[in-house]
Amino acid sequence: MLVDSHCHLDFPDFANELDAVVARARAAGVVRMVTVSTRVARHREVLAITERFADVFCSVGTHPHYAHEEPGVTADDLVARTRHPKVVALGEAGLDYHYDNAPREAQERGLRTHIDAARATGLPLIIHTREADADTARILEEEMGKGAFSAVLHCFTGGRELARRAVALGLFVSFTGILTFKS
Ligand SMILES: [Zn+2]
Ligand SMILES: [Zn+2]
């Protein structure tokens, strides 16, 4: 059984061939897809996709690239949005110091808000972290001290130390083809 736990079906690239994209995934044996939210402001569009396809589920959250655009999103807002039956996770939220698209304080605030929502709902948080190992580990350890939550460091490109500290907290680390890049 194949599950695509991280796709972005609402991205404009797929707008004109969404049916075909989902059909190809099914033909390849994918029985569930989780289309991952990157902007709470666009969550309505993401939900519409999940309502169109029985096997497509979603998360809700603000990608670190857009953390500064959605500073007003609270943990309560996120929790309320998880009540939709197709929402199975929070995120993706986290820290991306490679692009530094959003100020780092906004990224950190966003990550902590998503952790609050994950803790409150028991749903897993999809964490995006890039070139931010030390801050990611520090925040995860501080937040775990306030109460348990579940999370996956998706598409991991960090160092051994971050992976070790995340696993020690009981979190998951996901590896993808990026691991095979020469750099
Ligand atoms: Zn993603
Ligand atoms: Zn990501």
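Here the structure is a predicted model, which is why all the values come from computation and not from measurement.

J.: Describe the sheet that holds strand E7 (residues 172-173), with residues and values.
T.: Spatial strand order, E1-E2-E3-E4-E5-E6-E7: 7 strands in an open sheet with parallel pairing. On the outer flanks of this sheet lie strand E1 (2-7) and E7, each paired with one strand and no other. Examined bridge by bridge, strand E4 (residues 87-96) and strand E5 (residues 125-130) share 6 bridges and lie parallel to one another. Residue Asp96 lies in a different strand from E5, and its bridge partner there is Arg130. Sheet strands in contact with helix H2 (residues 43-52) are strand E2 (30-35) and strand E3 (56-60), and its direction is about 160° off that of E3.

J.: Outline the packing of helix H4 (residues 104-121) against helix H5 (residues 133-146), supporting the account with residue identities and numerical values.
T.: Across the interface, H4 lies against H5 with an axial gap of 11 Å and an inter-helix angle of 35°. Where H4 crosses over H5, the handedness of that crossing is right-handed. Each of Glu108, Leu111, Arg112 and Ile115 in H4 lies in contact with H5, whose residues at this interface are Asp135, Ile139 and Glu143. Of the residues that constitute the contact of H4 with H5, the class distribution is 3 nonpolar, no polar and 4 charged.

Rules and cut-offs
- Residues numbered from 1 in each chain as written.
- Chains lettered and ligands numbered in written order.
- Predicted model: local features only at pLDDT ≥ 70, side-chain atom pairs only at ≥ 80, totals over all residues.
- Pairing = 2+ DSSP bridges.
- Helix = DSSP H or I, 4+ residues; strand = E, 2+ residues; numbered from the N terminus.
- Contact = placed C-beta atoms within 7 Å.
- Axes fitted to C-alpha atoms, helices over the stretch in contact; angles between N-to-C directions.
- Left-handed = near helix turned anticlockwise from the far one by under 90°.
- Nonpolar A, V, L, I, M, F, W, Y, C, P; charged D, E, K, R; others polar.

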